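Geometric and topological summary
Chain residues, written in single-letter form:
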Amino acid sequence: MRIRLVKRNLVALVAVSLVVVTLLFSTRVLIVSEDRPSTGQLGVKVNPAVRFRYGTLAELTESVFNANFKQCVINAERFPVDPQLVLVVQVHNRPEYLRLLIKSLERAAEVHSFLLIFSHDYFSEEIDAIVQGITFCKVLQIYFPFSTQLYPSGFPGKDPRDCPRDISKDAALKTGCLNAEHPDSYGHYREAFITQTKHHWWWKLHFVWERVQALQGYRGFVVFLEEDNYILPDFYHFYKAMLEFRKSNCPECDVLALGNHNGVTEFTNLSNKVLTTGWMSTKHNIGMALSREVYYKLMGCNEAYCTYDDYNWDWTLQHLSGTCVSKPLKVLAAQGSRVLHTGDCGLHQKENCRPEWAAQKAEEQIKTVKDSLFPAALLLSRAEAVEHKPHVNNGGWGDIRDHILCKNYAERL
């Protein structure tokens, strides 16, 4: 009996590996089938933008791969100097919140020196038009090639042969559903839409640092945002102040956290204050800035990230900090947040979304704090212990197919 189980598991593993290799190989074939475009300064592509075709799934897939290969930087000729700050925005399908973020970026001081990279896992003409309408700085769009939108009836989307989420393992084994051997820690089977965000975050991290030509030679931090964030006008001023503070007071700080989840509470008193502490998911996952050196630390944890049974990228990162990353990540954190969270809808909340209320609230908050922006210098309010903070994993990431695909981003992309 044991031999039969081992053989069955081995066959399943080989089958999963073949699926993943096929996906990755098709990605590379589509990419290299295009003629190599010309480049300008620092690897910026000067060819025309890729024209997306939405007519069929095959056309959309090819458009995604072509765009990732060509990497056309919008407004490159208007802003020819190298970027002083790179911001990467993970975008799904909330166009009204994305408009709010872009509006806040347009109002940011010195925004012309930014490179904005929008990383998409949902592809639509509306979202493309919003991003491509930006005229105030350089813009690059990259596209997650394993989006569930591109695989509507098979992994990494939902395969009709997959096990239902709440079926027991015994029942799943009897029915012979595709992933019966691999429920999560709580006995649940994968939900494609739940796993996508963690996949996208890890792919984006690798693609930005390893594949984006416009970042060749860039030595600064990369700030990671989401589509329902909203930045304050002195965002870049505060970022530069944090760099100076880190240089003289905390060179061992791994991460800059320009945002928190406190909104503008007590902002007048906290505007010029920072603290040092260990990285925590619930505090430092908004407006997080990483250097290339920290990226390499995380890349060494590819196996641990991709097999840890938690569908959240940020809780997974907290798990890595102090386990796989032997020395817990130390954060220099803004106490007066330069990033607001506008989204009242997200992965688990789909109804009663009111982006117009979020816009009004953000405008009111900016008016409240405007006299406290652009502090002359930063002060360290406190230095907390930097230690690993264990937590109970949330599950949702038990499927071996997710593990294999995730690990291959670093190895092949």
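Above this text you will find the structure in question.
Structural notes, computed from the coordinates. Everything numeric here is computed off the predicted structure, so don't read it as measured data.

Time to look at the nonpolar core. Soluble globular proteins: nonpolar side chains tend toward being buried together. Residues L116, F118 and L215 are the most contacted members of the largest nonpolar core, which totals 100 residues. Those residues within four positions of F118 in sequence are excluded, and the remaining contacts are V89, V91, L98, I102, V131, I134, V139, L140, Q141 and I142.

This next bit is on the side chain of N68. The topology assignment puts N68 in helix α2 (residues 57-70). Sequence-distant contacts of N68, that is, excluding residues within four places in its chain, are made with I142, Y143, P145, W203 and F207.

In this structure, the amide linkage connecting F155 to the following residue, P156, adopts the cis form with an omega of 5°. The residue P156 is located in the loop between β4 (138-143) and α5 (169-175) in this model. The backbone of Q71 sits at a positive phi, close to 50°, despite the residue not being glycine. On the secondary structure map, Q71 appears in the loop between α2 and β1 (73-74). The exposure class of Q71 is buried, given its relative accessible area of 5%. We note that F374 has phi near 55°; this positive angle belongs to a residue other than glycine.

So, about the packing of helix α6 (residues 192-210) against helix α10 (residues 292-299). α10 packs onto α6 with a crossing angle of 130° between their chain directions and a minimal axis gap of 11 Å. When the axes of α6 and α10 are compared, the pair comes out oblique. Relative to α10, α6 is oriented so that their crossing is left-handed. Residues W202, L205, H206, W209 and E210 of α6 touch α10, and the partners they reach there are R292, Y295, Y296, L298 and M299. The residue inventory of the contact of α6 with α10, partitioned by class, reads seven nonpolar, one polar and two charged.

Within the element layout of this structure, N260 appears in the loop between β7 (255-257) and α8 (267-270). Residue classification places N260 among the buried positions, given a relative accessible area of 10%. With 73 residues separating them along the chain, N260 and A333 place their C-alpha atoms 8.2 Å apart. The residues touching N260, leaving out its near neighbours within four places in the chain, are K283, I286, A334, Q335, G336, S337 and V339. Within the local environment of N260, its side chain forms a polar contact with the backbone oxygen of Q335, the two atoms lying 3.2 Å apart.

How each quantity is defined
Residues numbered from 1 in each chain as written. Predicted model: local features only at pLDDT ≥ 70, side-chain atom pairs only at ≥ 80, totals over all residues. Heavy atoms only, no water. Core = buried A, V, L, I, M, F, W, Y, C linked by side-chain atoms within 4.5 Å. Buried < 20%, exposed > 50% of the residue type's maximum accessible area, 1.4 Å probe, protein only. Contact = heavy atoms within 4.5 Å. Helix = DSSP H or I, 4+ residues; strand = E, 2+ residues; numbered from the N terminus. Axes fitted to C-alpha atoms, helices over the stretch in contact; angles between N-to-C directions. Parallel < 35°, antiparallel > 145°, perpendicular 65-115°, else oblique. Left-handed = near helix turned anticlockwise from the far one by under 90°. Nonpolar A, V, L, I, M, F, W, Y, C, P; charged D, E, K, R; others polar. Polar contact = N/O pair within 3.5 Å; in protein donor to acceptor, adjacent residues only side chain to side chain.

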